Amino acid sequence: MTATVTYIHEERENIAREAADLKTAMRQVASGVSIITAGHGSYRTGATVTSATALSTEPPTMIVNINRSSSTWPVIARFNHFCVNILCSDQEAIASRFAGVGGFKGAERYEGADWFELESGASGLRGALAVIDCAVEDVVERHTHAIVIGRVLSITHGEGQALVYRAGQYFPVG
């Protein structure tokens with residue numbers, strides 16, 4: 001029994017080390033910052049991500065990776081919609097709020113910003129570089145995350161400089 005316990009312990013240590021190594025490597029990639037919003041009213045929530053991207057232009061489709069242990073995942077699954085709010089350089093405080101800084105959760109994360117309701121029912125952020133409203137088309141659950149594919153319902157364009165995240169810090173681009 002001791003050999004089995006030691007093997008399991010070593011395997012867990014290796015997995016944790018590999019996960020830390022991957023996080024460190026991926027933090028070197030500069031990525032645009034988006035807030036994913038989902039839900040209605042007091043059931044709204046969202047998350048700050050660097051993993052939102054276009055999957056296809058014909059038909060217009062977005063893809064976002066959401067941790068299945070996050071508070072955002074069950075809301076996307078329940079309401080079958082999400083919005084990708086691509087942030088401007090002056091929206092760092094909102095990015096931090098939706099990343100959980102300050103302990104804000106759920107609908108509390110929306111305070112202090114100007115939001116509007118979209119066709120899907122998700123919330124769009126006024127002043128964002130772009131607001132992309134999506135209906136969930138497909139979900140692929142793998143390991144810790146859900147790969148959520150959304151059919152684009154509408155796009156609202158804004159102006160400004162992009163907010164980028166790299167190595168644990170936000171940077172304006174422009």
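The structure under discussion appears in the preceding block.
The model shown is predicted, which means the values in this text are computed figures rather than measured ones. (Residues numbered from 1 in each chain as written. Predicted model: local features only at pLDDT ≥ 70, side-chain atom pairs only at ≥ 80, totals over all residues. Heavy atoms only, no water.)

**Considering unusual backbone geometry**
Thought 1: That bond from Glu58 to Pro59 is cis: its omega, 0°, falls within 30 degrees of zero.
Thought 2: Even without being a glycine, Asn80 presents a positive backbone phi close to 55°.
Thought 3: When you line up the elements, Asn80 lands in the loop between helix 2 (72-79) and strand 6 (81-86).
Thought 4: Phi angles above zero are rare outside glycine, and His143 is one such case at about 50°.
Thought 5: Relative to the helices and strands, His143 resides in the loop between strand 9 (130-142) and strand 10 (145-157).
Thought 6: With relative accessibility at 72%, the residue His143 sits in the exposed group. (Helix = DSSP H or I, 4+ residues; strand = E, 2+ residues; numbered from the N terminus. Buried < 20%, exposed > 50% of the residue type's maximum accessible area, 1.4 Å probe, protein only.)

**A short note on the side chain of Arg97**
Thought 1: Note that Arg97 resides in helix 3 (residues 92-98).
Thought 2: Note on Arg97: relative accessible area 17%, which makes it buried.
Thought 3: Those residues in contact with Arg97, other than ones at most four positions away along the chain, are Phe104, Glu108, Arg109 and Glu111. (Contact = heavy atoms within 4.5 Å.)

**A few points about the sheet that holds strand 1 (residues 31-32)**
Thought 1: Ordered by their spatial adjacency, three strands build an open sheet running 1-11-12, and the pairing between neighbours is antiparallel. Only two strands of the sheet have a single neighbouring strand rather than two, namely strand 1 and strand 12 (169-173).
Thought 2: Pairing of strand 11 (residues 162-166) with strand 12 involves five bridges; the strand directions are antiparallel. For Val164, the partnering residue across the bridge sits in strand 12 and is Phe171. (Pairing = 2+ DSSP bridges.)

**Thoughts on helix 2**
Thought 1: Among all positions in helix 2, only Thr72, Trp73, Val75 and Ile76 are buried. Take helix 2 and look down its axis: the buried residues cluster within an arc of 165°, on one side only.
Thought 2: Asn80 sits one or two positions beyond helix 2 and adopts a positive phi of about 55°. (Arc of directions from axis to C-beta.)

**Some words on the pairing of strand 2 (residues 34-38)**
Thought 1: Within strand 2, five of the five residues are buried, which leaves the element mostly enclosed by the surrounding structure.
Thought 2: The side-chain alternation of strand 2 yields two buried faces, one formed by Ser34, Ile36 and Ala38 and the other by Ile35 and Thr37.
Thought 3: Pairing of strand 2 with strand 3 (residues 45-49) involves five bridges; the strand directions are antiparallel. Looking at strand 3, one finds that Ala38 is bridged to Thr45.
Thought 4: As consecutive antiparallel partners, strand 2 and strand 3 are separated by six residues, and within that stretch Gly39 has a phi angle of approximately 95°, a positive value.

**A closer look at a nonpolar patch on the surface**
Thought 1: A cluster of nonpolar side chains, namely Leu22, Met26 and Val29, defines an oily patch on the protein surface of about 290 Å² accessible area.
Thought 2: Relative to the assigned elements, Val29 resides in the loop between helix 1 (2-26) and strand 1.
Thought 3: Val29 sits in the partly exposed class, given a relative accessible area of 40%. (Patch = residues over 30% accessible without salt bridge, like charges linked within 9 Å, V, L, I, M, F, W, Y side chains within 5 Å. Areas by Shrake-Rupley, 256 points an atom, 1.4 Å probe, with all protein chains shown as cover. Salt bridge = Lys/Arg side-chain N within 4 Å of Asp/Glu carboxyl O.)

Everything listed here is a matter of geometry and, on its own, says nothing about what the molecule does.
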